[in-house]
Amino acid sequence: MAAKRPAGKPASTAVVQRAQVQLPAEVQEQMAADIAAFQQRMSAPTGNRIAVTQDKKFRNAAGDKFDTMSGVIADFVAKKAFYEGAYDKDNIVPPNCFAMGFVPHDALECSENSPEPQHTDGCKTCPKNAFKSAKNGKGKACKDSYILALLPPDAEEGASLVTIELSATAIKPFEKYVRDLARDFGKAPYCFVTDFYFDNTSDYPSVRCGNPQIADGNLIALAYSMREEAGKLLSVEPQTGDFEEKVITKRGAKSKGKPNGRVAR
């Protein structure tokens, strides 16, 4: 991934023309179907992962950090995850319950592989999905996100996809970006090199997308051909094999001396 835009520069959907490419009719037809599918969707994968750090940096698998980066969005998936404890970067634990799918967040259902499913009638009506259900009383206890599969802007045949997860505060801006591409240019996200950067007005590391540039024909064709691979990558669920060790055991240790889970008085 390459840095494309100085930090703090406003984003737009104005396209920098790299090359005008006339795609085959069958590809254009499939692209129209993809655009429709992307529109309908909006309301932990393997491979190289781009991490978002608390100091508003992108960190690649080699440990290098960047203020901005760019890539081609091959595909994306909706995710929901509930963790009973607070986030601890030094002790990453599996989620109690999670859901993933190529549908809107409210259409998700918890995975049968969730260690402790919280609701059996769909995520939309789950109490953990309600606003103010978080322990701080502000947001939702179950966190929404998008996971994106990206190709580097200089990718060639044989290139590997990388993934990045967009937090709840980035969801609406991302959806607007994808809709704007379809409305203004009639093209799917995999036809553009997209810039990724951080919202400087947010206290938290909230990722934004902008400044789309039309990709050259070879890059578009490569991204298009890797959609199936991207779908498989994005369908990989979080690893939960150590849930008992990291969550249940810790929960039991905390509850010692607390009858019925309550603090003894």
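What counts, and where the lines are drawn
Residues numbered from 1 in each chain as written. Predicted model: local features only at pLDDT ≥ 70, side-chain atom pairs only at ≥ 80, totals over all residues. Heavy atoms only, no water. Buried < 20%, exposed > 50% of the residue type's maximum accessible area, 1.4 Å probe, protein only. Helix = DSSP H or I, 4+ residues; strand = E, 2+ residues; numbered from the N terminus. Pairing = 2+ DSSP bridges. Expected span 1.5 Å × (residues − 1). Contact = heavy atoms within 4.5 Å. Salt bridge = Lys/Arg side-chain N within 4 Å of Asp/Glu carboxyl O. Lys, Arg positive; Asp, Glu negative; His and termini not counted. Polar contact = N/O pair within 3.5 Å; in protein donor to acceptor, adjacent residues only side chain to side chain. Disulfide = S-S within 2.5 Å. Phe/Tyr/Trp six-rings, centres within 6.5 Å; stacked < 30°, edge-to-face > 60°. Lys NZ or Arg CZ within 6 Å of the ring centre and 35° of its normal. Core = buried A, V, L, I, M, F, W, Y, C linked by side-chain atoms within 4.5 Å.

## What about the pairing of strand S8 (residues 192-198)?
Two faces make up the sheet, and in a regular strand the side chains alternate between them.
Argument step 1. Most of S8 sits out of view: seven of its seven residues are buried.
Argument step 2. Burial of S8 is two-sided: the residues Phe-192, Thr-194, Phe-196 and Phe-198 facing one way and the residues Val-193, Asp-195 and Tyr-197 facing the other way are all buried.
Argument step 3. With three bridges connecting them, strand S4 (residues 69-82) and S8 associate as antiparallel partners. Its bridge partner lying in S8, Ser-70 is registered against Asp-195.
Argument step 4. Pairing of S8 with strand S9 (residues 207-214) involves six bridges; the strand directions are antiparallel.

## Concerning helix H2 (residues 171-185)
Argument step 1. Its 15 residues place the ends of H2 21 Å apart at the C-alpha level, agreeing with the 21 Å of an ideal helix rising 1.5 Å per residue.
Argument step 2. Looking only at H2, the buried set comprises Ile-171, Phe-174, Glu-175, Tyr-177, Val-178, Asp-180, Leu-181 and Ala-182.

## Looking at the side chain of Ser-114
Argument step 1. Checked against the element boundaries, Ser-114 lands in the loop between strand S5 (97-101) and strand S6 (142-151).
Argument step 2. If sequence neighbours within four positions are ignored, Ser-114 has contacts with Asn-96, Cys-97 and Phe-98.

## Overview of the environment of Val-52
Argument step 1. Here Val-52 lies in strand S1 (residues 48-52).
Argument step 2. On the basis of relative accessibility, which here comes to 25%, the residue Val-52 falls in the partly exposed class.
Argument step 3. Apart from the residues within four sequence positions on either side, Val-52 is in contact with Lys-57, Phe-58, Ile-164, Glu-165, Phe-198, Pro-205 and Val-207.

## A look at the pattern of salt bridges
Argument step 1. With the rule as written, the count across this model stands at 14 salt bridges.
Argument step 2. One salt bridge in this structure joins Arg-227 and Asp-34, with 2.9 Å as the shortest N-O distance.
Argument step 3. Note on Asp-34: relative accessible area 10%, which makes it buried.
Argument step 4. The salt bridge involving Lys-57 is made with Asp-67; its shortest N-O contact spans 2.4 Å. Note that Lys-57 is positioned in the loop between S1 and strand S2 (58-59) and Asp-67 in the loop between strand S3 (65-66) and S4, a separation of ten residues in sequence.
Argument step 5. By relative accessible area, which is 24% here, Lys-57 ends up partly exposed.
Argument step 6. Several salt bridges converge on common partners, so that one network encompasses Lys-176, Asp-180, Arg-183 and Asp-184.

## Overview of the side chain of Lys-56
Argument step 1. Secondary-structure assignment places Lys-56 in the loop between S1 and S2.
Argument step 2. Despite its burial, Lys-56 pairs with no opposite charge, the nearest such side chain being Asp-203 at 6.3 Å.
Argument step 3. Here Asp-199 takes part through its backbone oxygen, which lies 3.3 Å from a polar atom of the side chain of Lys-56.
Argument step 4. Residues within four places of Lys-56 in sequence aside, it is in contact with Asp-67, Phe-198, Asp-199, Asn-200, Ser-202, Asp-203, Tyr-204 and Pro-205.

## A look at unusual backbone geometry
Argument step 1. Residue Lys-56 is not a glycine yet carries a positive backbone phi of 60°.
Argument step 2. Not every positive phi belongs to a glycine, and Asn-211 is a case in point at roughly 50°.
Argument step 3. As for its position among the elements, Asn-211 is in strand S9.
Argument step 4. Judged by relative accessible area, which is 13%, Asn-211 ranks as buried.

## A short note on the state of the cysteines
Argument step 1. Tallied over the entire structure, the rule returns zero disulfides.
Argument step 2. The thiol sulfur of Cys-97 is not disulfide-bonded, and the nearest other cysteine sulfur, from Cys-110, lies at 4.3 Å.
Argument step 3. Overall, the relative accessible area of 8% leaves Cys-97 in the buried class.

## Here we look at the packing of aromatic side chains
Argument step 1. Per the counting criterion, the structure on display carries six aromatic pairs.
Argument step 2. Centroid distance Tyr-190 to Tyr-224: 5.9 Å. Interplanar angle 65°. Geometry classified as edge-to-face. Of this pair, Tyr-190 sits in the loop between H2 and S8 while Tyr-224 sits in helix H3 (residues 217-225), and the two are 34 residues apart along the sequence.
Argument step 3. Site record: aromatic cluster; members linked through ring pairs are Phe-76, Tyr-146 and Phe-174.
Argument step 4. For Arg-227, the ring lying beneath its charged end belongs to Tyr-224, and the centroid distance is 4.1 Å.

## A word on the nonpolar core
Argument step 1. By size, the foremost hydrophobic cluster in this structure holds 55 residues, and its most contacted members are Leu-148, Phe-174 and Phe-196.
Argument step 2. No other element matches the seven residues that S4 contributes to this core.
Argument step 3. Those residues in contact with Leu-148, other than ones at most four positions away along the chain, are Ile-73, Asp-75, Phe-76, Val-162, Thr-163, Ile-164, Leu-166, Phe-174, Phe-196 and Leu-234.

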